[in-house]
Amino acid sequence: MYRVTLFKNGNDKIGTVVQASYADQIIVDGQLGIGINVSDKFTFKLYPFAEIYNEIQGMVSTYRIDSEIDGHELSRGRILFAEEMYDDTGFYKNITCSSELDYLNDSKQPFQKTQNTSPAQDFRNLIGVHNQQVPSVHQFKVGKIEITNSTDNVYHYVEPGTSTLTVITEKLINKWGGELRIRHESDGTYIDWLKEIGIHAKQQIDVNSNLQTMEQKLDPSSAYSVFYPYGATIEQSESNESTGTDVASPRLTISSVNGGRDYIERSDLISQFGRISGTKNWNDVHDASILKSKADTWFNNYKPIAVGYQIAAIDLKPLGVAIDNFAVGNYHQLINEYMGIDDELRIVTMTLNLDNPESDSMTIGDRELTLSEYNIKQKKAKAQISVLRSNLIGQNLRITETSKKLAETTDQLTSLKTEYDKLIKELQERVQKLQEQTVGDQYYEGNIIDVSEFQGTIDWSKVVNAGLALSVIRVQSGSSHIDNTYTANIPNAISSGANYAVYAYFSALNAADAEIEARDFYNRATSAIGNRKQPRFWMIDVEANSVTSGTLSEAVTAYMNKLNSLGIPDNKIVIYVSNALYSSIDTSRTQIWIPSYGINDGTVTNSRKPLYTYDLWQYTSVGRISGISGNVDMSTEPSARFKDNYLKK
């Protein structure tokens, strides 16, 4: 069903077919993940009997995957790295690839202030800078642009050294919307910025025909019931010369037109979730009445519950029954009468198993519901189940495949309700903690700690209640030693409402070894995090020079670059480095955390400040906090940029 071709380098125009229905299968465990506005991820194993085995090179060799049914291209890109592996099946290379969108991570944008230009021209300028920095095979021609805004004017800053893909995502797509598409024409490779990729397909996904499995996923974790709207800043920020920090400018509120209250509340959401506060800024609103009107409209249409479906379904196009394929971006009518679903929903991700196509899966939907929409959906599902049950009882039918399916669906609904009730309870338990904080606080206040297996079992509820600004959780020491508490610490910290980050102790021998450590760090942490709240940053703990070939700076740079390639930008990376090694690494790309103890008696007063400029100072290793039975590292004096990036609520 799928044909996979590998190309040794840019001069290899023919390539080597390593999987196809008409040839021996050479790759194993091939899996392709496809999404919207993200690079495809393709992984597989390649064994030594493959002709191309010894010629595969990371960042040089490329791939292409085509459908054997209609010949359309599914994905193409480059091999990121090919790791030599050995297990009971023998020697092989574990290969990870990314699609062409990842080329935009190869270029870095200079500092720039963009204004008085349209979104389309800004996009062209960014692609132009990218093309100046990369070889021709990684360049793009700007194609169709469908995105604009009411004033046709863009205003933003770009920090130097930020990858082109990050700038496009954060400054353009996140603000103006739209989706990226790469296409190949006879005169080159084009990149389009469209309102939406995909089509409204005629092929249905129906529980009575091609729907095999379905799991509904609900996430009310970002819900809030009390809303604080803010307008434009009233005055410019002023520098506090005594401390060297910025004083935030006050913003316009609705208190003058809302009976002295600067917030709006919804009783229906309060009854479901308790009192949980949220905010939204309208930077261009300077009138309190207009701000109140915009806030009322927005909050009345607020959708607190994210819903999506993980499904496995049979694509009917290869069977000649449908005229269109399943594809990311396409809309399909999803029909499951037992769950009360008959909606046109969109495929947002797909996972293709090249060895076993019948086990392909996809995420469809991923949209948000208002509380009333959710309740209507649940009532509809329950009513449908009641009708089906009555029909079965009235006809005195024995247990058939239909009733089995109904029972399974009922169990699914019960399970979903249990999960939903659990989430509601967790949110309500957090209400008390949130109420104890000052409503206007912008930052997490309290202790800043880092923890590992040395702290043993942690009572995270006590740690949070004792006053916690940030907890940094260790995942590994090098690649070989896995911290034996991180799989408990990460989910427990999240469920307790802790502001958290993750870190790994650096012990690489060279740049290549550093990339392996970075990959293992990423894989282990993301596995423990799952779909929960993401960490504020990823910290590399550089306390000793373990490098035996090359330089420490080269190895740390390789570590960071690897995290970049996995989707972690520089502004989500922090380096923890001793005074002794500070000058041995490049400290210009990210924020710096330095340990310096002095007497080390647990007090700041008797501690010695670091020798170099820092964003966070670890002042003791013998701190104490409720919820942890022994000593714990504590830090203080976060810089203004550290607070804004990692401590801001």
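Residues numbered from 1 in each chain as written. Predicted model: local features only at pLDDT ≥ 70, side-chain atom pairs only at ≥ 80, totals over all residues. Heavy atoms only, no water.

## Quick notes on the pairing of strand E13 (residues 179-185)
Definition in use: When DSSP finds at least two bridges between two strands, those strands are taken to pair. To qualify as a helix, a DSSP run of H or I must reach at least 4 residues; to qualify as a strand, a run of E must reach at least 2; elements of each kind are numbered from the N terminus.
The pairing of E13 with strand E14 (residues 188-194) spans 7 bridges and is antiparallel. From the neighbouring strand, arginine 181 faces E14, where its bridge partner is aspartate 192. Hairpin remark: E13 followed by E14, antiparallel, with 2 residues in the connecting loop.

## A few points about the nonpolar core
As a reminder of what qualifies: Buried Ala, Val, Leu, Ile, Met, Phe, Trp, Tyr and Cys residues that are joined via side-chain atoms within 4.5 Å together make up what is termed a nonpolar core. For every residue, the accessible area obtained with a 1.4 Å probe (protein chains only) is divided by the maximum for its type, and the residue is called buried under 20%, exposed over 50%, and partly exposed between those limits. Pairs of residues are marked as contacts when any of their non-hydrogen atoms sit within 4.5 Å.
If you look at the biggest cluster of nonpolar residues, it comprises 54 residues, and the most contacted ones within it are Trp460, Ile490, Phe506, Val542, Tyr559 and Leu563. Apart from the residues lying within four places of it in its own chain, the contact partners of leucine 563 are Ala518, Phe521, Tyr522, Ile540, Ile568 and Ile573. With 44 residues, the next largest nonpolar core counts Leu345, Met350, Met362 and Ile364 among its residues.

## What about the side chain of threonine 96?
Within the fold, threonine 96 resides in strand E7 (residues 90-99). With a relative accessible area of 11%, threonine 96 lands in the buried category. Sequence-distant contacts of threonine 96, defined by excluding residues within four places in its chain, comprise Lys41, Phe42, Thr43, Ile79, Leu80 and Phe81.

## Overview of helix H11 (residues 640-647)
In plain terms, the rule: The directions from the helix axis to the C-beta atoms are what the arc is built from.
Of all the positions in H11, only Phe642, Tyr646 and Leu647 are classed as buried. Seen end-on, H11 carries its buried residues on one side only, within an arc spanning 75°. If you follow the buried residues of H11, they end up packed against strand E26 (447-451), strand E27 (468-477), strand E31 (573-577), strand E32 (591-595) and strand E33 (616-623).

## A few points about helix H9 (residues 511-529)
What counts is decided by this rule: Take the number of residues in a helix, subtract one, and multiply by 1.5 Å to get its expected span. We define a polar contact as two N or O atoms separated by no more than 3.5 Å, with the added condition that, inside protein, one atom must be a possible hydrogen donor and the other a possible acceptor, whereas residues neighbouring each other in sequence contribute only through side-chain atom pairs.
A rise of 1.5 Å per residue sets the reference length of H9, with its 19 residues, at 27 Å; its end C-alpha atoms lie 27 Å apart and thus fit the reference within 8%. Along H9, the residues that are buried comprise Ala514, Glu517, Ala518, Arg519, Asp520, Phe521, Tyr522, Arg524, Ala525, Ala528 and Ile529. One side-chain oxygen at the N-terminal end of H9 lies 3.2 Å from the backbone nitrogen of alanine 512; it belongs to asparagine 510. Immediately downstream of H9, the backbone of glycine 530 shows phi near 60°, a positive value.

## Topic: the sheet that holds strand E21 (residues 277-281)
For the record, the criterion: Axis definition: a line fitted to C-alpha atoms, limited for helices to the stretch in contact. Angles are taken between N-to-C directions and run from 0 to 180 degrees.
Read across the open sheet, the 3 strands follow the order E20-E17-E21; overall the sheet is mixed. In this open sheet, the two edge strands, each paired with only one partner strand, are strand E20 (264-265) and E21. Each of strand E17 (226-230), E20 and E21 is contacted by helix H4 (residues 288-300), which is oriented at about 140° to E17, the strand it contacts most.

## Observations concerning the pattern of salt bridges
Stated precisely, the cut-off is as follows: Salt bridges, as used here, are contacts in which a Lys or Arg side-chain nitrogen is within 4 Å of a carboxyl oxygen on Asp or Glu.
Going through the model one piece at a time under the given rule, you end up with 23 salt bridges. In this structure, the salt-bridge partner of arginine 76 is glutamate 73, at a minimum N-O distance of 2.8 Å. With a relative accessible area of 32%, glutamate 73 lands in the partly exposed category. One salt-bridge network, held together by shared partners, links Arg181, Arg183, Glu185 and Asp192.

## Observations regarding the pairing of E14
For E14, a buried count of 6 out of 7 residues is recorded, marking the element as mostly surrounded by other parts of the structure. Here 3 bridges tie strand E10 (residues 141-145) to E14, and the two strands are oriented parallel to one another. By the bridge assignment, isoleucine 145 is partnered in E14 with tryptophan 193.

## Here's the deal with the sheet that holds E14
If you walk across this open sheet you meet the 3 strands as E10-E14-E13, and the pairing is mixed. Since the sheet does not close on itself, it has two edges, and those belong to E10 and E13, each with one partner. Between one strand and the next, the sheet's axes are offset by a mean angle of 30°, whatever the strand orientation. Relative to E10, helix H1 (residues 119-133) is tilted by about 160°, and along the sheet it contacts E10, E13 and E14.

## Some thoughts on the packing of H1 against helix H2 (residues 164-176)
The condition that has to hold: Should an angle fall under 35 degrees it is called roughly parallel, over 145 degrees roughly antiparallel, and 65 to 115 degrees roughly perpendicular, with every other angle called oblique. Each residue receives one of three labels: charged for Asp, Glu, Lys and Arg, nonpolar for Ala, Val, Leu, Ile, Met, Phe, Trp, Tyr, Cys and Pro, and polar for the others, Gly being one of them.
Contact geometry of H1 with H2 gives a least axis separation of 10 Å together with a crossing angle of 170°. It follows that H1 is roughly antiparallel to H2 by the angle criterion. Across from Pro119, Asp122, Phe123, Leu126, Ile127 and His130 in H1, the residues of H2 making contact are Thr164, Val167, Ile168, Leu172 and Trp176. For the contact of H1 with H2, the class distribution of residues is 8 nonpolar, 2 polar and 1 charged.

## What to know about unusual backbone geometry
The backbone of aspartate 29 sits at a positive phi, close to 55°, despite the residue not being glycine. Within the element layout of this structure, aspartate 29 appears in strand E3 (residues 27-34). Classification of aspartate 29 by relative accessible area gives partly exposed; the value is 42%. At methionine 59, a position not held by glycine, the phi torsion is positive, near 70°.

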